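A structural walkthrough
So you can see what is in the structure, the chains are spelled out below.
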Amino acid sequence: MAAQRRNLIQSHQSWTDDLPLCQLCGVGTATNCEYGPDGKGTQSHPNEDGHLRFRGEDGCFLYGVFNGYDGSRVASFAAQCLTAELLLGQLNSSHTDSDVRRILTQAFDVVEKSYFETIDDALAEKAHLSNYLLPHNENVTFHQNQKVQERLKELEQEVSGGAMAVVALILNNKLYIASVGTNRALLCKSSSDGQNQVLQIGRPHSTDNEEELQRLAALGVDSARVRQAGQIAGQTSTRRLGDYRVKFSYGEIDLLSAAKSRPVVAEPEIHGSQSLDNVTGFLLLLSEGLINALESAHGPEQANQEIVAMVAAELALQSSLEAVAQSVVERVKRLHHDVYVSGRQRAPFCSRHEDMTLLIRTLDPPPGDGAPAQGGRIYPVSVPYSNSQSTSKTSVTLSLVMPSQNTLTNGTNTASTLEEGTPTPRQSPTATLQSTNTQTQSSSSSSGDGRLFRQRGSQAAKPDETGRVPPYVDFTQFYRLWGGDHSEAQSTHGGLGPQ
């Protein structure tokens, strides 16, 4: 059985390849990168992240983002094993919240135990060869010693590594989040009173999490030293999947040597259920690498709001969720790189970034409930807005109207026909920006009446006989202001401008 699991984890194919993907979801990824003095980036290791996004039976949906380290084996195994433990009939609509939480906890426990079963043989061989090389063993020749050392390196590569995980389960239109480690789940929704919320579900299991430090202290670990070190065996997480060193050899790790029992665990923290009835917005699952890249560039204070603002902006521009997710990841990647080459204050924090993964799952109310009269789904979010001419931050409401006739899906457009007036994939849905701060609004607008963008009627989407779409940006006021400010310069220098 262990050999079969080992073959599965080493295979590039997965039994989950044949499962139905959720079409209300998109995923964006980027590999790790380390910048040289000239600003050029190089990949330091293969991608170690993983994800899942499946549609099960009985209204069940499963999503996950896995942040691997020291290899992708644990992340890959966890994605496959969790799917098997949750989508093969274990869950159904009759289960209560406590049932679901119990099943999720059991699933993570099975993943942990099953993974270590896959490396049992390798660990046994590693222990045997290590004893074979004891200093007092005079029967080992130099050549034998060299071959054993090489084999030990191979075995160490095979058994080392771990992963952090954040998993989202939707059952009976209720959301459950299970997390182990430092990945993140964000829920962006518009409440019934018109207010918009960005909610981080759970806290990361890291060395600066007070509850986690208290848990370690109760086991006899010096939590002050853990906080000061900032890492445990190379990772900031206090919970993780795999990683045999901190699970079975923690007595040999200085920070953990005083622990009465296993200090680094794979037990998930589960939040939910949270009803998604009449909820409009989206759910985000982010890998640690994506979070760290954004926080390194701009600081941790507004990272959640920034990533939500990026997603909201891309939802207004892109015609597929896959493109939305990938565009957001690319924006974070460019932002991180630009801060590094700028040499600004945060540049030293941006010399490298790890693999990045973003999963977006859209949420909609039932048809006809709060839907706009024209257009389609609305994704309103409240985000901090910083104007270049002002150091103060204010709340800005983005109301993003998405096409309703063409359902936004995972890389595809599911509608077979387009009705008159429905935006096509090449057109941008309407995006309106309303500020609650008059100072920011006045400094960020170049027109007096705020009507620089004309509303497009149903005929605006229809090309004329030349194949062109009528313009929807009115530059009349810009030309009027420009002409007034530069009339004297034009008469003196014969400058060009609108006549």
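Everything here concerns the structure above.
The following paragraphs examine the structure supplied in this document. (Residues numbered from 1 in each chain as written. Predicted model: local features only at pLDDT ≥ 70, side-chain atom pairs only at ≥ 80, totals over all residues. Heavy atoms only, no water.)

1. What about the packing of aromatic side chains?
Across all of its chains, the model carries 4 aromatic pairs by this definition. Three or more aromatic residues link up through ring pairs in this structure, and these residues are Phe77, Tyr115, Phe116 and Phe248. Over the ring of Phe61 we find Arg361, and its NZ or CZ is 4.9 Å from the ring centre. (Phe/Tyr/Trp six-rings, centres within 6.5 Å; stacked < 30°, edge-to-face > 60°. Lys NZ or Arg CZ within 6 Å of the ring centre and 35° of its normal.)

2. Regarding the sheet that holds strand β2 (residues 33–35)
Backbone hydrogen bonds are what pair the strands of a sheet, in a parallel or an antiparallel way. The sheet built from 3 strands is open, its strands ordered β3-β2-β13 with antiparallel pairing. At either end of the open sheet lies a strand with only one pairing partner, and these are β3 (41–42) and β13 (352–353). Taken together, the 2 bridges between β2 and β13 define a ladder with antiparallel strand orientation. Paired with Glu34 across the two strands is Arg352, which belongs to β13. (Pairing = 2+ DSSP bridges. Helix = DSSP H or I, 4+ residues; strand = E, 2+ residues; numbered from the N terminus.)

3. Topic: the side chain of Arg361
Relative to the helices and strands, Arg361 resides in strand β14 (residues 356–363). Within the structure, the side chain of Arg361 is placed 2.5 Å from the side chain of Tyr63, a separation counted as a polar contact. Look past the residues within four positions of Arg361 in its chain and what remains in contact with it is Cys22, Leu24, Cys25, Phe61, Tyr63, Ile170, Phe282 and Leu283. (Polar contact = N/O pair within 3.5 Å; in protein donor to acceptor, adjacent residues only side chain to side chain. Contact = heavy atoms within 4.5 Å.)

4. What to know about the packing of helix α9 (residues 288–298) against helix α11 (residues 321–342)
Packing of α9 against α11 brings their axes to within 9 Å, and their N-to-C directions diverge by 40°. Classified by the interaxial angle, the pair formed by α9 and α11 is oblique. The hand of the α9/α11 crossing is left-handed. Across the interface between the two elements, Leu290, Ala293, Leu294, Ser296, Ala297 and His298 from α9 touch Val332, Leu335, His336 and Val339 from α11. In the contact of α9 with α11, the residues fall into 7 nonpolar, 3 polar and no charged. (Axes fitted to C-alpha atoms, helices over the stretch in contact; angles between N-to-C directions. Parallel < 35°, antiparallel > 145°, perpendicular 65-115°, else oblique. Left-handed = near helix turned anticlockwise from the far one by under 90°. Nonpolar A, V, L, I, M, F, W, Y, C, P; charged D, E, K, R; others polar.)

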